[in-house]
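The residues making up each chain are set out below.
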Amino acid sequence: MDGSATGAVSLLRPVRAGNAFEETVERLLQAIKLGVVAHGEKLPPERELAAQLGISRVTLREAIRALQEAGFLDVRRGRYGGAFVVYRPPSPRKGDLRRAVNEMGAGGLEDALTFRMAVECGAAQILAGTELTDGQRETLAARLAGVNDAAPADYRRLDTAFHLSIAELTGSPLLAAACADARLRVTDLLNAIPVLRPNIEHAATQHAAIVEAILEGDPEGARRAVAEHLEGTAALLRAFLG
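- The protein chain is annotated in an unreviewed UniProt entry as GntR family transcriptional regulator from Planotetraspora kaengkrachanensis.

Structure follows, in structure tokens:
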């Protein structure tokens with residue numbers, strides 16, 4: 001996995017024993033759909049991944065086989081083998097956004113946006129009130145640079161990495177998992193709208209304001225900056241639905 005894989009810590013946490021296979025498939029699929037493990041990259045080694053998820057290697061192989069059959073992974077044998085991600089988010093098509101919203105059910109969109117607002121604002125506020133190490137500051141700056149330098153085809157993935165890194169850096173696995181869940185709930189919606197240059201430029205300004213507030217130790221400023229950014233995303237979604 002590359003440097004964008006900050007979210008792996010929260011997504012690939014131990015699963016519960018009762019539904020180990022199902023939860024393993026879910027965790028791996030989350031990591032793939034959020035771009036924590038990007039197209040062309042491979043999952044961590046089997047032994048390492050099984051230990052991280054707290055499952056047997058047999059269960060892990062079954063989950064990987066299921067995702068291979070579903071077209072998300074390609075398992076290659078040999079010295080340079082492994083489970084490689086072959087999933088790419090589909091290009092936006094007319095009607096995709098409306099279908100995704102309908103699948104969420106009545107009130108699902110507003111609920112997802114409210115949930116995301118609560119957890120992401122909270123994460124930024126907490127991180128801004130934390131005494132950051134040089135390494136944490138460098139990680140945050142690297143995530144910001146990554147999304148700023150992203151090509152349009154890779155923008156959503158690196159934008160996700162930036163947002164998830166804020167929660168990861170708080171050191172709270174529960175908060176990081178909540179932010180990953182919140183992002184996953186809107187991922188299909190964001191993938192259903194085109195990446196627009198004016199929106200990217202506006203988002204870059206807002207991302208910079210978020211990072212500046214966090215690095216300056218301004219919790220309220222960080223909360224406001226995230227809220228403004230997420231309100232803009234919500235407005236864009238509603239505009240395409242209108």
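Having seen the model, we can carry on.
1. Remarks on helix H7 (residues 134–148)
1) Next: Relative to the 21 Å expected for 15 residues at 1.5 Å per residue, H7 spans 21 Å between its end C-alpha atoms, a close match to the ideal helical length.
2) Next: Turning to H7, its buried residues are Gln-136, Leu-140, Arg-143, Leu-144 and Val-147. End-on view of H7: buried residues confined to an arc of 95°, all on one side of the axis. With respect to the buried face of H7, the exposed residues turned more than 90 degrees away are Asp-134 and Glu-138.

2. Quick look at the nonpolar core
1) Next: In terms of nonpolar packing, the biggest core is built from 33 residues, with Leu-140, Phe-162, Ile-166 and Ile-214 touching the most fellow members.
2) Next: Sorting the residues of this core by element identifies helix H6 (108–128), H7, helix H8 (155–169), helix H9 (173–191), helix H10 (197–215) and helix H11 (219–241) as the ones contributing at least two each.
3) Next: Setting aside residues up to four positions removed in sequence, Leu-140 forms contacts with Phe-162, Ser-165, Ile-166, Leu-169, Val-211, Ile-214 and Leu-215.
4) Next: Ranked by size, the runner-up nonpolar core spans 27 residues in total, among them Leu-11, Leu-12, Leu-34 and Leu-53.

Conventions and cut-offs
- Every chain's residues receive numbers from 1 upward, in the order its sequence appears when written.
- With pLDDT at 70 or above as the cut-off, local features in this predicted model cover only qualifying residues; side-chain atom pairs require 80 or more to be listed or tallied, and sums for whole chains, interfaces and linings still use all residues.
- Remark: hydrogens and water are excluded; side-chain values derive from all non-hydrogen atoms of the structure.
- The helix count covers DSSP runs of H or I at least four residues long, the strand count covers runs of E at least two residues long, and both are numbered beginning at the N terminus.
- One fewer than the residue count of a helix, multiplied by 1.5 Å, yields its expected span.
- Each residue's exposure class comes from its accessible area (1.4 Å probe, protein chains only) as a fraction of the maximum for that residue type: buried when under 20%, exposed when over 50%, partly exposed otherwise.
- Our arc is simply the arc of the directions from the helix axis toward the C-beta atoms.
- Among buried residues, those of type Ala, Val, Leu, Ile, Met, Phe, Trp, Tyr and Cys that are joined through side-chain atoms within 4.5 Å constitute a nonpolar core.
- Two residues form a contact once any of their heavy atoms are found within 4.5 Å.

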